[in-house]
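Chain by chain, the residues run as shown.
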Amino acid sequence: MDIRIIQPSEIDGFISVMEHAFGFEMKPERREEFAAKFELDRLIGAFDGEQVVGSGGAISFDLTVPGGTVACGGTTVISVMPTHRRRGVLTDMMRFHLDEVAGRGEPVAALWASEAPIYGRFGYGRATDYYRMKVSPSRVSFTGDPLGTGTVRLLDADGAGKVLPELYERIRPHRPGFLTRTDARWRLGFLNDPPEWRDGGTPKRFAVYEEDGAAQGYVMYRQQEKWEQGLPANVVDTGSMHAATPAAEDGLWRYLLAMDLVATVESWNTDPNTLLPHVVADSRRVERSVSDGMWVRILDVPGALAARRYQTDGRLVLEVSDPFRGSAAGTYALVGGPDGAECTPTDEAADLRLDARELGSVYLGGVTFTELSRAGNISGSADAIRRADLMFGWPLRPWCPEVF
Ligand SMILES: CC(C)(COP(=O)(O)OP(=O)(O)OC[C@H]1O[C@@H](n2cnc3c(N)ncnc32)[C@H](O)[C@@H]1OP(=O)(O)O)[C@@H](O)C(=O)NCCC(=O)NCCS
């Protein structure tokens, strides 16, 4: 099987693999947009003779980590033709892809998995979670006054194109798990709204929360008009909400939950730090189910661990194994704290032993060493586990607001 970067003329074959593997059809007018959203020199194909039978690629991101950012290859558009599955095509593509990411000097790769069992074997660990949330506005009441004095204004798509990227950029550096967004990804992804994406809902609505004339938060949502036995049962489906302040988040929830004729507000990929359950009387009515979000693959341990800050000062010696690729394997001394960190190879005896996969899980502070050691996936003394948790923890849970 030949694995290589695709030529621009091979994009149709590349898309065809995705269509067959995921089970959708891409309209001709979306093909150009698809190509424009990606860096063509980072898309890889697996070839059986002339035919593309495997697709994959990377997006160049800066990933926010606790106290900083790290260059990250976003693993994406992975698929294998149904005629060629389970013959090792993905495994070969992952070797090529991770070499490509490491070759660009990106210390980590990250992805969203279509199915959770696929990527652990390649050294990715579940690093962020999200809530799928459902609220019946009639069942919840706010316990106190609004946290702010701002107001909500609706924007059209042009207005959203001006306000949202700037606001997102203000929020991004403070939120582990957030990713840089190019103009093309804003235009062709987040702001784009072709009818076939609407699934029976309205066009995207954009509401911005402003305080003293300054945008502090926004929510993108669709409405679906519904009547059940003569009673209003509209659904509001929120695609993304970002708030620079708690007052902005509070204001946006109040706006959504007060809308007339609405029986259900649904929010897919909700921030696990959401304040909503804490500002309403019946928090049980804020129904939440949890799922895995972004998975992280550490490729360069010193580069990745030195890129973040740590909640408390400390020193740890970590012995990392990396059966799939080997590049992360070794023993490393990490000295880190709130002001900086250094990580270097060492011959010392290890405090903790873990796989690259587990290091990916704890990297953003969303999974604890305690959890993983209780599951038998990290070994070390109770004292070392406790010190590691104090260092790697972070006040806000990591969350990745977009699937890529
Ligand atoms: C997931 C997919 C890319 C796997 O490709 P593939 O070429 O069949 O994978 P490989 O043959 O390299 O499989 C490697 C190993 O992973 C396992 N594996 C692959 N896909 C799996 C899945 N969906 N669930 C569980 N295990 C899986 C294989 O069984 C194999 O295990 P083994 O080494 O113990 O035998 C392919 O099935 C596909 O295109 N699925 C639909 C689209 C999709 O979900 N893409 C992923 C987007 S994130």
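As shown above, the structure is provided for reference.
Bear in mind the structure is a predicted one, so any value in this text is a computation, not a measurement.

The rules behind the values
- Residues numbered from 1 in each chain as written.
- Predicted model: local features only at pLDDT ≥ 70, side-chain atom pairs only at ≥ 80, totals over all residues.
- Helix = DSSP H or I, 4+ residues; strand = E, 2+ residues; numbered from the N terminus.
- Rg over C-alpha atoms; globule rule 2.2 N^0.38 Å.
- Buried ≥ 20, exposed ≤ 12 C-beta atoms within 10 Å, placed from the backbone.
- Contact = placed C-beta atoms within 7 Å.
- Core = buried A, V, L, I, M, F, W, Y, C linked by C-beta atoms within 7 Å.
- Arc of directions from axis to C-beta.
- Pairing = 2+ DSSP bridges.
- Near = placed C-beta within 6 Å.

J.: Explain the overall build of the protein here, please?
T.: A count of helical and extended segments in the protein gives eleven helices and 21 strands. In terms of overall size, the protein behaves like a compact globule, its C-alpha atoms giving a radius of gyration of 22 Å where 404 residues would be expected to give roughly 22 Å. By principal-axis analysis of the C-alpha atoms, the protein measures approximately 70 × 55 × 40 Å. Counting across all 404 residues of the protein, residues that qualify as buried make up 41%. Restricting the contact set of the protein to residue pairs at least 6 apart, pairs at least 24 apart contribute 74%.

J.: Looking at this structure, how should I read the nonpolar core?
T.: Proteins that are soluble and globular tend to have nonpolar side chains buried together. Judged by nonpolar contacts, the single largest core of 108 residues is most densely connected at Val108, Ala110, Tyr218, Leu252, Val296 and Ile298. When residues of this core are assigned to their parent elements, the largest contribution, seven residues, is made by strand β3 (residues 51–65). Not counting residues within four places of it along the chain, the set of residues in contact with valine 108 comprises Leu63, Val70, Cys72, Val296, Arg297, Ile298, Leu299 and Ala304.

J.: Would you mind showing me how to read unusual backbone geometry here?
T.: The phi torsion of most residues other than glycine is negative, and most of the peptide bonds are trans. Non-glycine residue valine 77 carries a positive phi angle of around 40°. Its location among the elements puts valine 77 in strand β4 (residues 68–80). Residue classification places valine 77 among the buried residues on the basis of 21 C-beta atoms within 10 Å. Residue arginine 86 is not a glycine yet carries a positive backbone phi of 55°. In this fold, arginine 86 is placed in the loop between β4 and α3 (89–103).

J.: Would you mind going over helix α11 (residues 382–392) with me for this structure?
T.: Residue pairs three or four apart in sequence face the same way in an α-helix, which turns once every 3.6 residues. Buried within α11 are the following residues: Ala384, Ile385, Ala388, Met391 and Phe392. Take α11 and look down its axis: the buried residues cluster within an arc of 130°, on one side only. Summarising the geometry of α11, the exposed residues directed more than 90 degrees from the buried face are Ala382 and Asp383. For α11, the elements touching its buried residues are β17 (314–321), β18 (330–337), β20 (352–355), α9 (356–362), α10 (369–374) and β21 (378–380).

J.: How do you make sense of the environment of threonine 151 when you look at a structure like this?
T.: Looking at the secondary structure, you find threonine 151 in strand β8 (residues 151–155). Residue classification places threonine 151 among the exposed residues on the basis of 12 C-beta atoms within 10 Å. Through-space distance from the C-alpha of threonine 151 to that of glycine 213 is 9.0 Å; in sequence the pair is 62 residues apart.

J.: Any chance you could explain the pairing of strand β9 (residues 205–211) here in plain terms?
T.: On any regular strand, side chains alternate: one points to one face of the sheet, the next to the other face. Both β8 and β9 contribute to a ladder of five bridges, which runs antiparallel. Within β9, the residue paired with threonine 151 across the bridge is glutamate 210. When β9 meets strand β10 (residues 214–224), the two strands line up antiparallel, connected through seven bridges. By the bridge assignment for β10, arginine 205 is matched with tyrosine 221. Adjacent in sequence and paired antiparallel, β9 and β10 are bridged by two residues, among which aspartate 212 carries a positive phi angle near 50°.

J.: Explain the site of the ligand to me, please; I cannot follow it from the model alone.
T.: Around the ligand, a shell composed of 18 residues is seen, among which Ala21, Arg85, Leu90, Thr91 and Ser114 lie nearest. Those elements that provide at least two residues to the shell around the ligand are α1 (11–23), β4 and α3.

J.: Help me understand the environment of leucine 276 in this model?
T.: Relative to the helices and strands, leucine 276 resides in helix α7 (residues 276–279). A residue is classified by how many C-beta atoms lie within 10 Å of it, and leucine 276, with 26 of them, is buried. Residues leucine 276 and aspartate 250, 26 residues apart in the sequence, show an inter-C-alpha distance of 7.1 Å. Not counting the four nearest positions on each side in its chain, leucine 276 is found in contact with Trp253 and Val286.

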